[in-house]
Amino acid sequence: MNDRIRTDIAHNARVWNYWLGGKDNYPVDREVGDQVTAFYPSIGEVARADRAFLGRAVTHLAAGAGVRQFLDIGTGLPTADNTHEVAQRAAPDARVVYVDNDPIVLTHARALLTSAPEGVTEYVDADAHDPERILAEAGATLDLSRPVAVMMLGILNFVLDTDEARRIVRTLMDAVPAGSHLVLTHPTLEPELGGEGNEAAMAFWNENATPPITARGRAEFTSFLDGLDILEPGVVSCARWRSPSAEAYTVAQFGAVGRKP
């Protein structure tokens, strides 16, 4: 087994996989996942809503906005309807680069993620804190002179310093041309999204799992989209972003898509 893989402490990618009903997790992940759920019973809904948001956002970009390149940072473990599957369903020639630095994620990604014959799927072993390396390696697969959808779903919450998180986003978006998009989700404690219960769950997580996590309010989240045109319906619960259901529920996870003018 890869000696970078820790099985004695819960890890976000594996716990998230557990909440999504996957099997790529260990007893410690399930134990912490259950305890977080006890603090915050809707966490499973958050995980599923985040995944469904990914599907709607990628479908819009590939089918509606003509985007053919996707840079998915903080990939997580493969489940159903991964970014390349959604994108290539709408545009078989789509090119997707996944980025993660968790060895178990990369092991599964290499084994399970494939590409439509007309498209390309590649993987970069890099940390979200190092956008320059991400861009350098992704540039071997993506044409950074053409529009790219930069996907950062549930990843900036692991960058604890907000100024550093803004620097990462700015570095990535400065490197791609007009017509590129930024796709974001992020947990919040804001009461309007029902986030009050998140606080105890996050405190427990930070004491018992890795990596540490932080929540952000609407203003901080929106600041990541500075300089971009935010697509309708704006900054909302990710469960409500272009949801086909009039009765869409609300989860304490912001979602938004911005377009570089």
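The preceding data block contains the structure.
Scope of this entry: the structure provided in the associated data block. (Residues numbered from 1 in each chain as written. Predicted model: local features only at pLDDT ≥ 70, side-chain atom pairs only at ≥ 80, totals over all residues. Heavy atoms only, no water.)

1. Some thoughts on helix H3 (residues 43–64)
Item 1. The terminal C-alpha atoms of H3 lie 31 Å apart, and with 22 residues this matches the ideal 32 Å at 1.5 Å per residue to within 8%.
Item 2. Gly66, located one to two residues past H3, shows a positive phi value of around 75°. (Helix = DSSP H or I, 4+ residues; strand = E, 2+ residues; numbered from the N terminus. Expected span 1.5 Å × (residues − 1).)

2. As for the side chain of Thr75
Item 1. Tracing the backbone through its elements, the reader meets Thr75 in the loop between strand S2 (69–73) and helix H4 (83–90).
Item 2. On the basis of relative accessibility, which here comes to 15%, the residue Thr75 falls in the buried class.
Item 3. Polar contacts involving the side chain of Thr75 include one to the main-chain carbonyl oxygen of Asp72, which spans 3.4 Å.
Item 4. In terms of polar contacts, Thr75 uses its side chain to reach the backbone carbonyl oxygen of Val99, at 3.1 Å.
Item 5. When sequence neighbours within four positions are dropped, the list of residues in contact with Thr75 reads Tyr98, Val99 and Asp100. (Buried < 20%, exposed > 50% of the residue type's maximum accessible area, 1.4 Å probe, protein only. Polar contact = N/O pair within 3.5 Å; in protein donor to acceptor, adjacent residues only side chain to side chain. Contact = heavy atoms within 4.5 Å.)

3. Observations regarding the pattern of salt bridges
Item 1. Counted by the stated rule, this structure contains eight salt bridges.
Item 2. Arg89 is paired through a salt bridge with Asp81; the nearest N and O atoms lie 2.6 Å apart.
Item 3. Residue Arg89 is classed as exposed on the basis of its relative accessible area, which comes to 56%.
Item 4. Residue Glu164 is joined to Arg167 by a salt bridge in which the shortest nitrogen-to-oxygen separation is 3.1 Å. (Salt bridge = Lys/Arg side-chain N within 4 Å of Asp/Glu carboxyl O.)

4. A closer look at the packing of H3 against H4
Item 1. Packing of H3 against H4 leaves a shortest axis separation of 8 Å and a crossing angle of 35°. Crossing geometry of H3 relative to H4 is assigned as right-handed. Between H3 and H4, the residues in contact are Leu54, Gly55, Val58, Thr59, Ala62 and Ala63 and Thr83, Val86, Ala87 and Ala90, respectively. (Axes fitted to C-alpha atoms, helices over the stretch in contact; angles between N-to-C directions. Left-handed = near helix turned anticlockwise from the far one by under 90°.)

5. Observations concerning the nonpolar core
Item 1. Among the nonpolar cores identified, the biggest contains 80 residues, and Phe70, Leu71, Met152, Leu156 and Leu182 are the most heavily contacted of them.
Item 2. It is H3 that provides the largest number of residues to this core, a total of 10 residues.
Item 3. Those residues in contact with Leu71 that sit more than four places away from it in its chain are Val97, Val99, Ile134, Ala138, Leu142, Val148, Ala149, Val150 and Met151. (Core = buried A, V, L, I, M, F, W, Y, C linked by side-chain atoms within 4.5 Å.)

6. Quick notes on the pairing of strand S3 (residues 95–100)
A regular strand places its side chains so that they alternate between the two faces of the sheet.
Item 1. The element S3 is extensively covered by neighbouring structure, given that five of its six residues are classed as buried.
Item 2. Two elements, S2 and S3, share five bridges in a ladder whose sense is parallel. Residue pairing in the sheet places Leu71 in a bridge with Val97 of S3.
Item 3. Note on the crossover from S2 through H4 to S3: the handedness is right-handed.
Item 4. Strand direction decides the pairing type here: S3 and strand S4 (residues 120–125), joined by six bridges, are parallel. Across the sheet, Val99 pairs through a bridge with Val124, a residue of S4. (Pairing = 2+ DSSP bridges. Right-handed = clockwise from strand over helix to strand, strands pointing away.)

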